Amino acid sequence: MWDENKTMKCLVWNGKHNIEYTEHPRPKLTEPKDILLRVTATTICGSDLHLLKDTFPGMKKGDIPGHEFMGVVEEKGEGVHKLNIGDRVIVSFAIACGECSYCKREEFTACETTNPSTAMEAVYGHKCAAFYGYSHLTGGVPGGQAEFVRVPFADFNCMIVPDDIPDEKALYMTDIMVTGLHGNKCAEVGEGKTVAIWGMGPIGLMAAKWATILGAKMVIGIDCVPERLELAKDRLHIETINFKEEDVLKRLPELLGANELDCAIECAGFDYTHSWLHKIETFVGLETDTSEIITQIFKAVRKYGNVGLIGDYVGLANHFPIGAMMEKNLTIKSGQTPGLRYWDFCLEKMRSGEMDPTFLVTHRGSLADGPTFYKAMCDQKGGLIKVFMRPENFDQNAEKPVLLDA
Ligand SMILES: [Zn+2]
Ligand SMILES: [Zn+2]
């Protein structure tokens, strides 16, 4: 798995609130359908903070995080036919084999073959696909906050990026762009709909952007971080509610006026203080995920309304409002985005100029700045929404890293 004779720089997870920039052996090809990717750009996801805070179980000391990355094909196995050395590609965060029944139905995040862990099956009845740079419950695959990554089933999981799309835009197709779009698809957002979004992190902001592109007549973003709400107002021109200052259930109808809320998108996710694994072990009657947000959503959305749930949830929630769901005829769709499905649409909307993900990129830097960026994101300080990181010695002339002063 590692070529001990060659080294690279990368971030590693050494435990709770301990992400380190360090030297590491380079990955090597192990399967015929692998490529070795030389990473040219990567970023930190809101979901990486679950790892930083050690609230998502299954990390091991020394794991390389990162599931949003792109780069150039450095080496390829003999089973790789579509990609060539030197191609500039983005990589799907979920690893799909392209051949199992789930992949054939384009249910890529449910691929049956790429995640060797069986821990999920005990709790969910099934397991999901492997993800890069996440827990060993999702395969423990080394991630892309590194100079090099091994990419399995590369022909299937990579897209060659056209020359007219810069890295600064293409990178965000790996997760936030397709996840935000998936939230809209789940909530059946379309022409003339009213949409409220709980959680205005990068995914929520992206979901709001898509909602306007898809023709929503009113979009309302809900959060409590001033910088996020300002960005939503200034750049997306949507209505916002600060839930720490206003009663969401009172403010929503005021903003909606004569309309009702057709669609709700949950981009916030679970929030808990104890480890999931421990709770699986003791399991029955314990809560791992809060049902507070979903309860508010079920109250806010109109009868026969649609709910898209794309924030991360992992275990059990007490007081789930099943009555409201049934009696109000609500439709709930959820899940990790099958991103490969949406790449062509994203490309089309970037080329038309309607979608430009750079509005939420607030900080640039190198991989070496990774630990600082993690901390700033976790502390929600310095107005950091999304970062763009190059490898430290990246030779592309221009940009000076913008470092945080706090
Ligand atoms: Zn992500
Ligand atoms: Zn598959």
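All values reported here derive from a predicted model rather than from experimental measurement.

**Here's the deal with the overall build of the protein chain**
Each helix and strand in the protein chain was counted, giving 14 helices and 17 strands. With the C-alpha coordinates of the protein chain rotated into their principal frame, the extents come out at 65 × 50 × 45 Å. For the protein chain, the proportion of its 406 residues judged to be buried stands at 57%. Looking at the protein chain as shown, the accessible area adds up to about 17500 Å², and 49% of this sits on carbon and sulfur atoms. The distance from the centre of the 43 positive side-chain charges to the centre of the 57 negative ones in the protein chain is 2 Å.

**Here we look at the coordination of the zinc ion (ligand 1)**
The coordination sphere of the zinc ion (ligand 1), as far as protein atoms go, consists of Cys45 (SG), His67 (NE2), Glu68 (OE) and Asp175 (OD), spread over 1.7 to 2.3 Å. For the zinc ion (ligand 1), the four donor atoms in the first shell make angles of 88 to 132° at the metal, a pattern classed as tetrahedral. When the donor residues of the zinc ion (ligand 1) are listed from N- to C-terminus, their spacing reads C-x21-H-E-x106-D. One end of the pair, Cys45, is in the loop between strand 3 (35-42) and helix 1 (48-52); the other, Glu68, is in the loop between helix 1 and strand 4 (69-76), with 23 residues separating them in the sequence.

**A short note on the sheet that holds strand 13 (residues 263-266)**
If you trace the six strands from one edge of the open sheet to the other, you get 12-11-10-13-14-15, paired in parallel fashion. Bordering the open sheet on either side are strand 12 (239-242) and strand 15 (331-334), each of which pairs with just one other strand. The mean inter-strand angle of the sheet, taken between neighbouring strand axes irrespective of direction, is 15°. For strand 10 (residues 194-198) and strand 13, the ladder comprises four bridges, and the chain directions are parallel. When the bridges of strand 13 are listed, Val195 appears paired with Cys263. Against the sheet, helix 7 (residues 202-213) makes contact with strand 10, strand 11 (218-223) and strand 13, and its axis sits at roughly 170° relative to strand 10, the strand it touches most. Along the sheet face, helix 8 (residues 226-236) touches strand 11 and strand 12 and points at about 165° away from the line of strand 12.

**Description of helix 7**
Between its first and last C-alpha, helix 7 extends 17 Å over 12 residues, near the 16 Å set by a 1.5 Å rise per residue. With 11 of its 12 residues buried, helix 7 lies for the most part within the structure. Gly215 lies just past helix 7 and shows a positive phi near 100°.

**Overview of the coordination of the zinc ion (ligand 2)**
The coordination sphere of the zinc ion (ligand 2), as far as protein atoms go, consists of Cys97 (SG), Cys100 (SG), Cys103 (SG) and Cys111 (SG), spread over 2.3 to 2.4 Å. If you look at the zinc ion (ligand 2), its four donor atoms make angles of 100 to 116° with each other, and the shape they trace is tetrahedral. Considered as a linear motif, the donors of the zinc ion (ligand 2) on their single chain read C-x2-C-x2-C-x7-C. Across the pair, Cys103 and Cys97 agree in class, each one buried.

**Considering the pattern of salt bridges**
Per the counting criterion, the structure on display carries 18 salt bridges. Between Glu168 and Arg364 there is a salt bridge; the shortest N-O distance is 3.2 Å. Separated by 196 residues along the polypeptide, Glu168 in helix 5 (residues 167-170) and Arg364 in strand 16 (residues 361-366) bring together distant segments of the chain. A salt bridge links Glu354 to Lys349, with the shortest nitrogen-to-oxygen separation between them at 3.2 Å. Lys349 gets classed as buried once you look at its relative accessible area, which sits at 15%. Via salt bridges that share partners, Arg88, Asp167, Glu168, Arg364 and Arg390 belong to a single interconnected network.

**Points about the nonpolar core**
Residues Met173, Met177, Val189, Ile197, Leu205 and Ile265 are the most contacted members of the largest nonpolar core, which totals 57 residues. Elements with a contribution of two residues or more to this core: helix 6 (176-186), strand 10, helix 7, helix 8, strand 13 and helix 13 (343-351). The biggest single contributor to this core is helix 7, with eight residues. Residues within four places of Leu205 in sequence aside, it is in contact with Met200, Arg228, Leu231, Ala232, Leu236, Phe359, Leu360 and Ile385. Leu49, Leu367, Tyr374 and Cys378 belong to the second-largest nonpolar core, a separate cluster that totals 27 residues.

**A closer look at the UniProt feature "domain: Alcohol dehydrogenase-like N-terminal" (unreviewed entry) in the protein chain**
Taken from the UniProt record, the annotation "domain: Alcohol dehydrogenase-like N-terminal" (unreviewed entry) applies to residues 32-155. With 14% helix and 23% strand, residues 32-155 has its two end C-alpha atoms placed 11 Å apart.

**Let's talk about the UniProt feature "domain: Alcohol dehydrogenase-like C-terminal" (unreviewed entry) in the protein chain**
This chain's UniProt record puts "domain: Alcohol dehydrogenase-like C-terminal" (unreviewed entry) on residues 202-269. Counting secondary structure, residues 202-269 comes out at 47% helix and 21% strand; the distance between its end C-alpha atoms is 13 Å.

**A look at helix 11 (residues 292-300)**
Buried within helix 11 we find Ile294, Ile297, Phe298 and Ala300. An end-on view of helix 11 places all buried positions within 165° of arc, on one side of the element. In helix 11, the exposed residues that point more than 90 degrees away from the buried face are Glu292 and Lys299. Buried residues along helix 11 sit in contact with strand 10, helix 9 (248-256), strand 13, strand 14 (306-309), helix 12 (322-327) and strand 15.

**Description of the domain arrangement of the protein chain**
Along its sequence, the protein chain is organised into domain 1 (2-175 + 339-390) and domain 2 (176-334). Put simply, the middle of domain 1 and the middle of domain 2, counted by C-alpha atoms, are 25 Å apart. Taken together, the contacts link 33 residues of domain 1 with 30 residues of domain 2. Taking both sides of the interface into account, the surface hidden between domain 1 and domain 2 amounts to around 2900 Å²; carbon and sulfur atoms contribute 75%. Area buried by domain 1 at its contact with domain 2 is led by Tyr342, Phe359 and Ile385, which between them contribute 24% of it. Joining domain 1 to domain 2, the criterion identifies zero salt bridges. In this structure, the connection of domain 1 to domain 2 is made through six residue pairs in polar contact (both at pLDDT 80 or more).

Here is what the cut-offs are and how they apply
- Residues numbered from 1 in each chain as written.
- Chains lettered and ligands numbered in written order.
- Predicted model: local features only at pLDDT ≥ 70, side-chain atom pairs only at ≥ 80, totals over all residues.
- Heavy atoms only, no water.
- Helix = DSSP H or I, 4+ residues; strand = E, 2+ residues; numbered from the N terminus.
- Buried < 20%, exposed > 50% of the residue type's maximum accessible area, 1.4 Å probe, protein only.
- Areas by Shrake-Rupley, 256 points an atom, 1.4 Å probe, with all protein chains shown as cover.
- Lys, Arg positive; Asp, Glu negative; His and termini not counted.
- Charge placed at Lys NZ, Arg CZ, Asp CG, Glu CD.
- Donors = N, O, S within 2.8 Å, 3.2 Å for Na, K, Ca; no water.
- Tetrahedral: all angles 85-135°; square planar, octahedral: opposite > 155°, others 65-115°.
- Pairing = 2+ DSSP bridges.
- Axes fitted to C-alpha atoms, helices over the stretch in contact; angles between N-to-C directions.
- Contact = heavy atoms within 4.5 Å.
- Expected span 1.5 Å × (residues − 1).
- Salt bridge = Lys/Arg side-chain N within 4 Å of Asp/Glu carboxyl O.
- Core = buried A, V, L, I, M, F, W, Y, C linked by side-chain atoms within 4.5 Å.
- UniProt positions renumbered as here; feature names shortened; annotations may be inferred.
- Arc of directions from axis to C-beta.
- Domains from an automatic or database assignment.
- Buried area = accessible area lost by both parts, 1.4 Å probe.
- Polar contact = N/O pair within 3.5 Å; in protein donor to acceptor, adjacent residues only side chain to side chain.

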